[in-house]
Amino acid sequence: MRLESFVRGSWMSPGQELAEIRSAVTSDVVAEVASGGLDMGEVLAYARQVGGPNLRRLTFHQRAELLKALAIYLSERKEQLYKISYQTGTTRSDNFIDVDGGIGTLFVYASKGRRELPNTTFLIDGAVEPLSKGGSFVGQHVMAPMHGVAVHINAFNFPCWGMLEKLAPAILAGVPVVTKPATITSYVAHALVRMIAESRILPEGALQCIIGSTGDLFDHLTCQDVVSFTGSADTAQKLQRHPVIARESVRFIAERDSLNAAILAPDAVPGTPEFDLFIKEVAKEMTVKAGQKCTAIRRAIAPNTHVPAVIEALRERLSRVTVGNPELENVRMGPVVGLGQRRDVLAQVAKLRSEADIVVGDPENFAVEGADRERGAFIPPLLLHCPDPIRATNVHSVEAFGPVCTVMGYDGLDQGIALANRGDGSLVASIYTYDPAVASDLVFGVGAFHGRLVLIDRDCAKEQTGHGSPMPHMVHGGPGRAGGGEELGGMRGVHHYMQRTALQGSPAMLSRVTQSWIKGAPMVQEGRHPFRYHFEDLAIGQTFISKERTITLEDIEHFAAFTGDTFYAHMSEEATKDHPFFPGRVAHGYLLLSFAAGLFVDPDLGPVLANYGLDSLRFIKPVQPGETIKVRLTAKSKSPRNEQYGEVRWDVEITTDKDETVATYDLLTMNAVRP
Ligand code: NDP
C-alpha cells in the first residue's frame, strides 16, 4: 500500500523518496510512503482561501453539527480502523482508547459546541467594561476565528485520537486543518482521513493531510496560523526555533516528553483501597499501549516504608501480563511501535539503570505469545527501583517511551512533593490518599508543575477515568518539559484558534457590531409588547418598560408564609439593627424577581414558548416596604436553535421609581419562529 497525501481536495503522492513502514508485530512491510513533491505553499493557500471561508461562514452550532455527523460516520466504521491498527502493535483495548477515544472527543465537542457556544460566527468574551464617566464610551472583548491554518503535527502513538482531539476544537473554532501524522503509524491516520474525505461531511478545504515530510511548510506560515505539535522534546525545540515561528509570532502549542508521577500518600498503607488502586493504575499505565502514552506513569512515588510492598504487589500484577501478538484475545500487551522504538526504549532503560535496578522483568528473557520475539518489537514490562531518588537525575529526566516505570521512595510529604516536581513540568500526576488534608498539600505542592492532577480514592474508584486518559472537557498539557502547551479543556481548546480583540466605542456602535444590546445603546419601543414578536421579527434593543409597583409589608409577610422563606432580614426589624447591608426589614430578592416577572410578562398565548433560566443575577440595592419598583426588559441577543424556535437573551433591570438599580440579570426565553 502506497500512502498518499490528501491535499487540495485530491489524493496525491508525487514524491520520489520512498520509505517503508513495517509491522510492529512481524516486521513485514505494511505500507510505503513517498516524501517530497508537494507544494506546501499551495497546501496552506488552499486551506486559507477555500477551507477558512467555508468554515467561517458557518455558525458554531453548524460546525458542531458537522463534528457530530462525522463522529457518527466514523463510529459506524471503527472496526476497519481497529483492524489496521493491530499492525502498530496495539491490542483491541488499546485501539478502543485511540479510535473510540478520538470519536468520543468529536462527540463531546459537538455537544459542548451546541450547549456552550452561541449560534453565531464570533464570541463575545466577558462583560461590557465602562470606560467613561458619562457612559458614552465602553469596551467589549470579542473572539473570532483566525484567518489561517491549524497545522497539526502528531506523534506516532495515537494516530486517530491525536488527529481528532486536535481537529475538533479547530473545526469548531472555524479554522481549517492541515494534519501531519507521524510516519510510522501513518497508515492508520491515512485510513481515517480517507473515511473523513469519503464522508464529504466537512466542507471543502477544511482538512488536508500530509503523509511523510512537511518539506518547507514552516517557511509559508503566517501570524494567522497555529501549530499544534505532539512528540519529542527535540523535534518540538527544533520546530519552535524555526525563524518563521519567531518572526511571524506563530502560535505554537507543544505537548512533548513528560515524566508523569503517581504519588502514594502515607495514609494509603498496604491493605487500604487507595494502595490497591495505586498498584492497579501503575500496572495499567505501564502496559496499556505498551507504555507508549505521553501521560503514562514513569515514576511511582511511594513512602519509603511502603516501597517493598509496592514492588511486591506490582511484581504480582505484572507477572500476569501476557505479551504477544495483539490480535490474540489473551494477549494483554503488544510490542512497541517498531524495532527502532524498541532500541530507543532499551537505550533509555540503560540510562535509568545507572541509578536504578530492574526489579521486575528481564528484557533478555521473556515469553511472547503468538509471534516471533525477534521479528516483533517486543519488550516485557520493566519495573525499576531507584534507591536514592533525591540524588538521581536520569530517573527524573529520561523518558523511556515503553512499558517502563521506576519506583522511588520518600520520607515525609515535602520530600514526596519535591520528587514529583523534579520532573520539571509534567502532563499529569495521580494522587492516592483518603485524607483531604494530605490531598490538599499534594495538590498545591505539585499543582504548579502539572497540567492535570487525578485524585484517586475508594469513592471514585469505579468511575474514575484513569491517570492516563486526557478528557476532552479537561485541559491536556503541562508546563516545562511537557511543552508548556494546553489542548482540549472544553472551550479553552477552541479559543486557541481564535483571536481576542478588545473593541472600544459607543454603546450604540458596539451593540450593532456585536449584535448584542449594551446599556446606553438606543432602545426600540414600539406599541406592541416584545413578547408578541416571533423570533425573526424581534429587533435587538426592543424594550418594554413596566408600570410601577409599591412593595408592602403585607407582600413580604405573604411571600414569607407562602414560600417558607422566613430569613430574619425579611421578618424582623430588630434583627437587622446594625446590619452591614440592610437598613431594616427588606423584601426577598426572589419576591422582587417574581414581581418583576408579573410586571413585564405579556400573559397571552404567543411566540414566547418558555422561560428557561436566568444568568448573571445580581441584587444591588435592598428594597424596604413602601418603596416602589419598575422593570426594563430589553432584547439583548438572539441565537437561532432550529426551524421551530430560537433563544432570546433579555437584559432585565429592576429599578426603584427614583431610577436606583435594584437588580440586574439576563433572562433566557425560547421564542417561536414565524409559522
Ligand atoms: P518525533 O518528535 O520524532 O515526531 C513527532 C512528529 O513530528 C511526527 O509526526 C514527526 O513526523 C514530526 N516531525 C519530526 N521532525 C519534523 C520536522 N523537522 N518537521 C516537521 N515535523 C517533524 O516523535 P516520535 O513520534 O517519533 O516519538 C519519538 C519520541 O518522542 C518517543 O520515543 C517519546 O520519547 C517522545 N514522545 C513523546 C510524546 C509525549 O507526548 N510525551 C508523544 C510521542 C512521542 P515523522 O514521523 O514523519 O518524523
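Please read all numbers here as calculations on a predicted model, not as lab measurements.

K.L.:
Please explain the overall build of the protein chain as it appears in this structure.
P.N.:
When you go through the protein chain residue by residue, the secondary structure sums to 18 helices and 28 strands. Its C-alpha atoms give the protein chain principal-axis dimensions of roughly 90 × 60 × 45 Å. Residues classed as buried in the protein chain amount to 56% of the 675 residues present. Residue pairs at least 24 apart in sequence account for 75% of intrachain contacts in the protein chain once pairs closer than 6 positions are excluded. For the protein chain, the exposed surface amounts to about 28,400 Å²; the carbon and sulfur share of it is 52%. For the protein chain, the separation between the mean place of its 67 positive charges and that of its 78 negative charges on side chains is 4 Å.

K.L.:
What is the right way to read the UniProt feature "domain: MaoC-like" (unreviewed entry) in the protein chain from this model?
P.N.:
Feature annotation in UniProt places "domain: MaoC-like" (unreviewed entry) on residues 540–648, given in this structure's numbering. Measuring from the first to the last C-alpha atom of residues 540–648 gives 9 Å, for a span that is 25% helix and 31% strand.

K.L.:
Where do I start with the nonpolar core in this structure?
P.N.:
Soluble globular proteins tend to pack their nonpolar side chains together in the buried interior. Residues Phe 278, Val 282, Val 310 and Leu 314 are the most contacted members of the largest nonpolar core, which totals 67 residues. If you tally residues by element for this core, the top one is helix H9 (residues 273–287), at seven residues. For Val 282, the residues in contact, after removing those within four places along its chain, are Ala 262, Ile 297, Ala 300, Leu 314 and Cys 405. One finds Leu 81, Tyr 82, Leu 123 and Ala 173 within the second-largest nonpolar core, a separate group that totals 61 residues.

K.L.:
Can you help me understand the pairing of strand S13 (residues 260–264) in this one?
P.N.:
As a general feature of sheets, a regular strand has side chains that alternate between the two faces. For S13, the buried fraction is high: five of the five residues fall into the buried class. Of the two faces of S13, the one holding Asn 260, Ala 262 and Leu 264 and the one holding Ala 261 and Ile 263 are both buried throughout. Taken together, the four bridges between S13 and strand S14 (residues 297–303) define a ladder with parallel strand orientation. Looking at S14, one finds that Ala 262 is bridged to Ala 300. Regarding topology, H9 serves as the crossover connection from S13 to the parallel S14, and that connection is right-handed. Here S13 runs beside strand S18 (residues 426–432); their pairing, made up of four bridges, is parallel. Within S18, the position partnered with Leu 264 by the bridge is Tyr 432.

K.L.:
Help me understand the UniProt feature "domain: Aldehyde dehydrogenase" (unreviewed entry) in the protein chain in this model?
P.N.:
UniProt feature "domain: Aldehyde dehydrogenase" (unreviewed entry): in the numbering of this structure it lies at residues 11–443. A helix fraction of 38% and a strand fraction of 20% characterise residues 11–443, whose end C-alpha atoms lie 49 Å from each other.

K.L.:
Help me understand the sheet that holds strand S1 (residues 2–3) in this model?
P.N.:
Strand order in the open sheet made by the three strands is S1-S5-S4, with mixed pairing throughout. Lying at the two open borders of the sheet, with one neighbouring strand each, are S1 and strand S4 (17–22). Pairing of S4 with strand S5 (residues 29–35), which is carried by six bridges, proceeds in the antiparallel orientation. Among the inter-strand pairings, Leu 18 is bridged to a residue of S5, identified as Ala 34.

K.L.:
Help me out: how do you make sense of unusual backbone geometry in this one?
P.N.:
The phi torsion of most residues other than glycine is negative, and most of the peptide bonds are trans. The phi torsion at Ser 27 lies on the positive side, around 70°, for a residue other than glycine. Relative to the helices and strands, Ser 27 resides in the loop between S4 and S5. On the accessibility criterion, Ser 27 (9% relative accessible area) is buried.

K.L.:
When you look at the packing of aromatic side chains in this model, what are you seeing that I'm missing?
P.N.:
To describe a pair of aromatic rings, one takes the distance between the centres and the angle between the planes. Across all of its chains, the model carries eight aromatic pairs by this definition. Ring centres of Phe 531 and Phe 600 lie 6.2 Å apart, and the angle between their planes is 70°; on these two criteria the pair is classed as edge-to-face. Here Phe 600 lies in helix H18 (residues 589–600) and Phe 531 lies in the loop between helix H15 (507–514) and strand S23 (543–545), a separation of 69 residues in the sequence. Phe 600 matches Phe 531 in its accessibility class, with the two residues each being buried. Here the aromatic rings of Phe 567 and Tyr 568 are separated by 4.6 Å at their centres, their planes lie at 40°, and the arrangement is tilted. The structure contains a cluster of three or more aromatic residues connected by ring pairs, namely Phe 531, Phe 600 and Trp 650. Here the basic side chain of Arg 194 rests over the ring of Trp 11, its NZ or CZ set 4.0 Å away from the ring centre. One residue, Arg 549, lies across the ring of Phe 595, its end atom 3.7 Å from the ring centre.

K.L.:
Help me understand empty space enclosed by the protein, please; the structure alone is not making it clear to me.
P.N.:
Gaps left between atoms show up when a probe the size of a water molecule is rolled over them. All chains considered together, the criterion is met by four cavities of 30 Å³ or more. Considering only enclosed or pocket space, the largest cavity measures out at about 60 Å³ in volume. Lining of the largest cavity is provided by Asn 154, Ala 155, Asn 157, Phe 158, Trp 161, Gly 162, Glu 165, Lys 166, Thr 230, Glu 255 and Cys 294. It is helix H5 (residues 161–173) that provides the largest number of residues to the lining of the largest cavity, a total of four residues. Class assignment of the residues belonging to the lining of the largest cavity gives a composition of four nonpolar, four polar and three charged.

K.L.:
What am I meant to see in the pattern of salt bridges here?
P.N.:
A side chain of one charge can pair with a side chain of the opposite charge when the charged atoms of the two come close. Counted according to the given criterion, the structure contains 37 salt bridges. Here Glu 116 ties to Lys 112 by a salt bridge, and the two come within 2.6 Å at their closest N and O atoms. Of this pair, Glu 116 and Lys 112 both sit in helix H4 (residues 92–116), four residues apart, which is roughly one turn of that helix. For Glu 116, a relative accessible area of 39% translates into the label partly exposed. The salt bridge involving Glu 165 is made with Lys 166; its shortest N-O contact spans 3.6 Å. According to the relative accessible area criterion, Glu 165 is buried, its value standing at 2%. A residue is classified by how much of its surface remains accessible, and Lys 166, at 2% relative accessible area, is buried.

K.L.:
What is the right way to read the sheet that holds strand S6 (residues 123–130) from this model?
P.N.:
Strand pairing within a sheet occurs via backbone hydrogen bonds; the two strands may be parallel or antiparallel. What the three strands build is an open sheet, ordered S6-S7-S22; its pairing is antiparallel. Strands at the two margins of the open sheet, each flanked by one partner only, are S6 and strand S22 (498–505). Taken pair by pair, the neighbouring strands of this sheet meet at an average axis angle of 20°, ignoring direction. Where strand S7 (residues 138–145) and S22 come together, eight bridges link them in antiparallel fashion. Looking at S22, one finds that Gln 140 is bridged to Leu 503.

K.L.:
Explain helix H12 (residues 413–421) here, please?
P.N.:
The periodicity of an α-helix, 3.6 residues per turn, causes residues three or four places apart in sequence to face the same way. What H12 keeps buried is the set Leu 413, Gly 416, Ile 417, Leu 419, Ala 420 and Asn 421. Considering only its buried residues, H12 is in contact with S13, S14, strand S17 (404–410), helix H13 (436–446) and strand S19 (450–456).

K.L.:
So what exactly am I meant to see when it comes to the site of the ligand here?
P.N.:
Residues in close proximity to the ligand total 24 residues, the closest being Asn 154, Thr 183, Ser 232, Thr 235 and Cys 294. In the model, an oxygen atom of the ligand is placed 2.6 Å from a nitrogen or oxygen of the Asn 154 main chain. Between Lys 180 and the ligand, the recorded distance is 2.9 Å, taken from a side-chain N or O atom to an oxygen atom. Coverage of the ligand by the protein amounts to 79% of the 860 Å² it exposes when considered alone. Of all the elements in the fold, those that place two or more residues in the shell around the ligand are strand S11 (226–230) and helix H7 (233–240). When residues in the shell around the ligand are grouped by element, the largest group, three residues, is from H7. A per-class count over the shell around the ligand returns nine nonpolar, nine polar and six charged.

How each quantity is defined
Residues numbered from 1 in each chain as written. Predicted model: local features only at pLDDT ≥ 70, side-chain atom pairs only at ≥ 80, totals over all residues. Heavy atoms only, no water. Helix = DSSP H or I, 4+ residues; strand = E, 2+ residues; numbered from the N terminus. Buried < 20%, exposed > 50% of the residue type's maximum accessible area, 1.4 Å probe, protein only. Contact = heavy atoms within 4.5 Å. Areas by Shrake-Rupley, 256 points an atom, 1.4 Å probe, with all protein chains shown as cover. Lys, Arg positive; Asp, Glu negative; His and termini not counted. Charge placed at Lys NZ, Arg CZ, Asp CG, Glu CD. UniProt positions renumbered as here; feature names shortened; annotations may be inferred. Core = buried A, V, L, I, M, F, W, Y, C linked by side-chain atoms within 4.5 Å. Pairing = 2+ DSSP bridges. Right-handed = clockwise from strand over helix to strand, strands pointing away. Phe/Tyr/Trp six-rings, centres within 6.5 Å; stacked < 30°, edge-to-face > 60°. Lys NZ or Arg CZ within 6 Å of the ring centre and 35° of its normal. 1 Å grid on protein atoms, 1.4 Å probe; cavity = no way out; pocket = protein on both sides within 12 Å on 5 of 7 lines; lining within 4 Å. Points joined across faces, edges and corners; volume = space filled by probe spheres on them. Nonpolar A, V, L, I, M, F, W, Y, C, P; charged D, E, K, R; others polar. Salt bridge = Lys/Arg side-chain N within 4 Å of Asp/Glu carboxyl O. Axes fitted to C-alpha atoms, helices over the stretch in contact; angles between N-to-C directions. Near = heavy atom within 4 Å. Polar contact = N/O pair within 3.5 Å; in protein donor to acceptor, adjacent residues only side chain to side chain.

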